[in-house]
Amino acid sequence: MAKAKKKRRIRWLRVFGAILAVLAIIASIVAVYAVNVIKTLAADLPQPDQVKIDIQEPSVVYDRNGVLLGYLGSNSPYKYISLDEMGPIVPKVFVGSEDHRFYQHGPVDWVGITRAAITNVLHGSVEQGGSSITQQLARVMFNLGMETSMDRKLKEFVLAYRLEQRYTKNQVLELYLNMVYFGDGCNGIETAAEHYFGKTAKDLTLSEAALLAGVLPAPSVRAPNSNLDAALKARDVVLNKLLSIGYITQEQYEQAKSEKITLSKETLAEQDAKGYALDYIRSFMVSNFGSDLTYKGGLSVYTTFDSKLIDGLQKSLEDYLDYRDKTISGTVVLDDKGVRQPQPGAVIVDPRNGEVLAMVGGRKYSETQYNRAVAPRATGSSFKPIDYAAAIQMNLLTPFDTWVSEPIKVPIPGDTWSPHEFNMTWWGQLTVRDAIVRSSNIAAVKTALLVGIDGVQYYAKKFGITEEVRLVPSTAIGVNEISPLNLALSYAPFANGGYAVEPVVIREIKNSGGVTIYQESPWKYRVLDESSAYVMSDMLHSMFMGNAYTPKAAIDGRFLAGKSGTTSSWKDSWYVGYSTNFVYALTVGIDADTPEVQGAYKNMTTKHPGMWVWGYTARDLFKENLIPAGPKLQKPSNLVSVTVNFKDSELLGGSGQKAVTSITKPDAVPLQASPVNWQAVELNNDLTVTYNGACSTFQPVTVLWPIPTRQQPPLDNCGSVETPTETETPTTATEPIITPTTSTTPEPNIPHL
């Protein structure tokens, strides 16, 4: 028995020894291979003394006239500073955050790498990084990139050992803090401190230094001047780590976490008028060209913006909203972030080619960087022209047709919806023209149901609305959220004879060598025939004919047209006005319906702020010739003038016979009036509208021909028509030009704006 056990033990020892021998052979082979790979890589790698700090130039942004708009990236001069000049806080925070065993381990922290690997395996994702500060310096110093590969990691190891053979730990840390990237074109701690906080690195507080340390892992998305919330969350992570490893006390932690971060007012104030436009350009550039090329590529970006127009618009908006604060509400209302309420969002575009001329996203960029000019908001009645345009285009209505403003019930899934007029009264029989001026919800809903909600959705998309337009009856009165930019573009067909235009914000981009690498040309496509577009403008022009509901903005005899809009409780107040050479969309509203801003409603409801502010700011811009008078609106020759007599009608609140004269398309002139009983009229296959006759003393609504059961939008065959830029110049570039439709370079495909 003992002999058998001994034999089994010997047999297992032999097996174990064989396994160890095989593993040793494999390890030797791997070691020899790794040594050879490292030798090969090391032969091609530079020595530390061969490295020069190469700080690239920021991209420069110009307006349509070649005037400087600003920089993408820091224009603060780069400055190398010693570790002593950084003060005690900065080195301590970055060592604690990035590599708290920095002074205890060698060039590579094998303990940290092992710990990070185990943690990441247990979590099933990358939760920790194991790279030492020296490895990170090697990566930055020798431009190894962020690619996850064995080749890059081995190069990092080799260079890390070379760096620590040449430099002390303090010298490595000094190089690291002077070379790492902090976002927005800032390389080095001194440049970042000056750019973001307007101070030197040694003057940074614990909270500010922790915020900059938190930016490092993702500088493109955590740059505090563009995403302060993300930067603050990253700061808190850094502070938690510093507390956990004993680098700071609980008291220091609490004080730093509660400290309010104040960004450099000089940096932000310089952008008060132009900051929103620059942010929009920055977003486009980073999305399509990447952070490195945008912030450090030395590009020249030529935009469609007009800097003088932006300055004038921002100043005028600020002046009149301040005036409202002082004279109407009597106080300044602040939200929980200290931002004044209400706030504007304004865009001015050229309807002839879609070029964006001005963009203002708030009262002051230094106060709030949230860009309301591109933020979707419920539009209210400013959406209604799309309802009527669809009906006019489909020959379902004329300006002198009538709707009755009365109680109605519209079936919706499981219930009925009963819209009402904004002043909670009923106006009786209204012509289409007067329904637009009075902003009748009932008339708009009836028009949308006549067209079909799917037809309204179709035309909204054709007109340039990229946000969701829901297939619900309330779409007719502006329940969907649309940005001022897209709403402005949707009015372009009324101003330009029926063409939808796509937005253009960048005309051309040149690289640091002056070679054009991107060019944009305007595109347009027909969505309305010329006659329908003119009829719509003629009706919307009535908003400037002195009616009590319209702004007093008819200035210097120029043609103006437009439409107002409000949402529930006046949370948003809109006006979109236009002429042949501009569309100016403005919303004035409350950022959030919270107790902190309830007092702002007094400011909102005393006067229609959208109309009021639009009228006065437009006057300022016209007076300064920042928006010159455009060409005359051309009336198509085929339009006819028709007079219709309404007998025994409650039209416009009167009685007896009324005569209404309006222009219309010849194919829409009725042969005879045809009264329709609205007790139950099926408008399409899905919706039935029922009217409560007992609630109304008005005559049944009269239309001028029987209503069809369904209409299909007739513009399926519309194509795109390319239109060259008015100021387009030939290019002599030898490098390929990126266009919206073709790309012959390895750059990412640039989407059409």
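Residues numbered from 1 in each chain as written. Predicted model: local features only at pLDDT ≥ 70, side-chain atom pairs only at ≥ 80, totals over all residues. Heavy atoms only, no water.

A. Inspection of the overall build of the protein at higher detail. Across its full length, the protein holds 24 helices and 27 strands. When each of the 753 residues of the protein is scored for burial, the buried share is 55%. Across the protein, the fraction of contacts at a sequence separation of at least 24, relative to all contacts at a separation of at least 6, is 72%. Accessible surface, the protein as shown: approximately 33,500 Å² in total, 54% of it carbon and sulfur. (Helix = DSSP H or I, 4+ residues; strand = E, 2+ residues; numbered from the N terminus. Buried < 20%, exposed > 50% of the residue type's maximum accessible area, 1.4 Å probe, protein only. Contact = heavy atoms within 4.5 Å. Areas by Shrake-Rupley, 256 points an atom, 1.4 Å probe, with all protein chains shown as cover.)

B. How the structure looks around the sheet that holds strand E16 (residues 516-519). With mixed pairing, the five strands of this open sheet are ordered in space as E2-E1-E3-E15-E16. Taken across any chain shown, the strands that pair with only one partner, and hence form the sheet edges, are strand E2 (68-72) and E16. For this sheet, the mean angle separating the axes of adjacent strands, direction not counted, is 20 degrees. Looking at chain direction, strand E1 (residues 59-62) and E2 are connected through four bridges and run antiparallel. Bridge pairing links Val61 to Gly70 in E2. Lying on the sheet, helix H13 (residues 275-289) is in contact with E1, E2, strand E3 (300-303), strand E15 (506-510) and E16; it crosses E2 at an angle near 45 degrees. (Pairing = 2+ DSSP bridges. Axes fitted to C-alpha atoms, helices over the stretch in contact; angles between N-to-C directions.)

C. A look at the pairing of E3. Sheet analysis places E1 next to E3, joined by three bridges and oriented parallel. Among the inter-strand pairings, Val60 is bridged to a residue of E3, identified as Ser300. Of the strand pairs in this sheet, E3 and E15 are connected by four bridges, and their pairing is antiparallel. Bridging across to E15, Thr303 finds its partner in Ile506.

D. Layout of the pattern of salt bridges. Taken as a whole, this structure holds 18 salt bridges when the rule is applied. Of the charged contacts in the structure, one is a salt bridge between Arg438 and Asp434, with a shortest N-O distance of 2.6 Å. Pair noted here: Arg438 and Asp434 are both in helix H17 (residues 432-438), with a separation of four residues, about one helical turn. Taking the relative accessible area as the measure of exposure, Arg438 reaches 22% and is therefore partly exposed. Within the structure, one salt-bridge network assembled from shared partners comprises Glu318, Asp322, Arg340, Arg363 and Glu367. (Salt bridge = Lys/Arg side-chain N within 4 Å of Asp/Glu carboxyl O.)

E. Seen up close, the nonpolar core. Membership of the largest hydrophobic core comes to 118 residues, with the highest contact counts inside it found for Met285, Ile348 and Tyr584. It is helix H18 (residues 441-451) that contributes the most residues to this core, eight residues altogether. Those residues within four positions of Ile348 in sequence are excluded, and the remaining contacts are Leu309, Leu313, Glu355, Val356, Leu357, Ala358, Phe582, Val583, Tyr584, Leu621 and Ile627. Among the nonpolar cores identified, the runner-up in size contains 50 residues, and Val90, Phe182, Leu204 and Ile261 belong to it. (Core = buried A, V, L, I, M, F, W, Y, C linked by side-chain atoms within 4.5 Å.)

F. Region of interest: the sheet that holds strand E19 (residues 572-578). Strand order in the open sheet formed by five strands is E7-E6-E20-E19-E18, and the pairing between neighbours is antiparallel. Two strands in the sheet have a free side with no partner beyond their single neighbour: strand E7 (356-360) and strand E18 (561-566). Adjacent strand axes in the sheet meet at a mean angle of 5 degrees when their direction is disregarded. By the bridge criterion, seven bridges tie strand E6 (residues 343-349) to strand E20 (residues 583-589) in an arrangement that is antiparallel. In the strand pairing of E20, Gly345 is matched with Thr587. Against the sheet, helix H22 (residues 530-540) contacts E18 and E19, and its axis sits at roughly 65 degrees relative to E18.

G. Expanded view of the packing of helix H2 (residues 89-98) against helix H10 (residues 228-244). In contact at an axis separation of 9 Å, H2 and H10 are set at 85 degrees when each is read in the N-to-C sense. One way to sum up the angle between H2 and H10 is to call them roughly perpendicular. Contact with H2, carried on its side by Lys92, Val93, Gly96 and Ser97, involves Val238, Lys241 and Leu242 of H10 and no other residues of that element. (Parallel < 35°, antiparallel > 145°, perpendicular 65-115°, else oblique.)

H. Structural context of the packing of aromatic side chains. For the structure shown, the criterion picks out 21 aromatic pairs. Each member of the aromatic cluster is reached from another via a ring pair, and the members are Tyr458, Tyr459, Phe463, Tyr491, Phe494, Phe559 and Tyr578. For the cation-ring pair, Lys169 lies above Phe102, with the distance from its terminal atom to the ring centre recorded as 4.4 Å. (Phe/Tyr/Trp six-rings, centres within 6.5 Å; stacked < 30°, edge-to-face > 60°. Lys NZ or Arg CZ within 6 Å of the ring centre and 35° of its normal.)

I. Expanded view of H18. The element H18 is extensively covered by neighbouring structure, given that 11 of its 11 residues are classed as buried. Burial in H18 covers these residues: Asn441, Ile442, Ala443, Ala444, Val445, Lys446, Thr447, Ala448, Leu449, Leu450 and Val451. Near the N-terminus of H18, the side chain that reaches the backbone nitrogen of Ile442, with its oxygen 3.4 Å away, is that of Ser440. Directly beyond the C-terminal end of H18, a positive phi value near 105 degrees is found at Gly452. (Polar contact = N/O pair within 3.5 Å; in protein donor to acceptor, adjacent residues only side chain to side chain.)

J. Structural view of unusual backbone geometry. Cis geometry marks the peptide bond from Gln341 to Pro342; its omega dihedral reads 0 degrees. If you check the backbone angles, Asn625 has positive phi at about 60 degrees while not being a glycine. Tracing the backbone through its elements, the reader meets Asn625 in the loop between helix H24 (609-623) and strand E21 (640-646).

K. Region of the structure containing H10. Look at H10: 24 Å from first C-alpha to last across 17 residues, which is about the 24 Å you get at 1.5 Å a residue. Among the residues of H10, those classed as buried are Ala231, Ala234, Arg235, Asp236, Val238, Leu239 and Leu242. The secondary structure elements touched by the buried residues of H10 are H2, helix H8 (206-215), helix H9 (219-222) and helix H11 (250-258). Within two residues after H10, Gly246 carries a phi angle of roughly 80 degrees, on the positive side. (Expected span 1.5 Å × (residues − 1).)

L. Main features of the environment of Gly498. Tracing the sequence through the fold places Gly498 in the loop between helix H21 (492-496) and strand E14 (499-501). Since its relative accessible area comes to 0%, Gly498 is described here as buried. For Gly498 and Ala533, which are 35 residues apart along the polypeptide, the C-alpha to C-alpha distance reads 5.2 Å. If we ignore the near neighbours within four places in the chain, the residues touching Gly498 are Pro493, Tyr525, Arg526, Val527, Leu528 and Ala533.

M. The arrangement of the packing of H10 against H11 in detail. Packing of H10 against H11 brings their axes to within 10 Å, and their N-to-C directions diverge by 175 degrees. For the element pair H10 / H11, the angle class is roughly antiparallel. For the pair formed by H10 and H11, the contact residues are Arg235, Asp236, Leu239, Asn240 and Leu243 on the first element and Gln250, Tyr253, Ala256 and Lys257 on the second. When grouped by side-chain class, the residues that make up the contact of H10 with H11 number four nonpolar, two polar and three charged. (Nonpolar A, V, L, I, M, F, W, Y, C, P; charged D, E, K, R; others polar.)

N. Main features of the confidence of the model for the protein. Here the protein averages 77 in pLDDT, and 70% of its residues register 70 or above. Predicted confidence for residues 647-654 stays below pLDDT 50, and this span has 20 contacts to residues more than four positions away or in other chains. Counting interchain partners and residues more than four positions distant, the pLDDT-below-50 stretch residues 670-753 has 185 contacts. (pLDDT = per-residue confidence, 0-100.)

O. Representation of the environment of Glu481. Among the secondary structure elements, Glu481 is positioned in strand E13 (residues 481-482). The class for Glu481 is partly exposed, based on a relative accessible area of 49%. Each C-alpha atom, one on Glu481 and one on Pro376, is 4.9 Å from the other, the two residues being 105 residues apart in sequence. Sequence-distant contacts of Glu481, that is, excluding residues within four places in its chain, are made with Pro376, Arg377, Ala378 and Glu467.

P. How the structure looks around the side chain of Ser300. Among the structural elements, Ser300 can be located in strand E3. With residues up to four places along the chain from it excluded, the contact list for Ser300 reads Val60, Tyr62, Glu508, Ile509 and Lys510.

Q. Highlighting the side chain of Glu421. Inspection of the secondary structure puts Glu421 in the loop between strand E11 (415-417) and strand E12 (428-431). The side chain of Glu421 is buried and forms no salt bridge, while Lys384, the nearest opposite charge, is found at 5.8 Å. Polar contacts involving the side chain of Glu421 include one to the side chain of Ser405, which spans 2.7 Å. Of note is the side chain of Glu421, whose polar atom sits 2.7 Å from the backbone nitrogen of Asn441. (Lys, Arg positive; Asp, Glu negative; His and termini not counted.)

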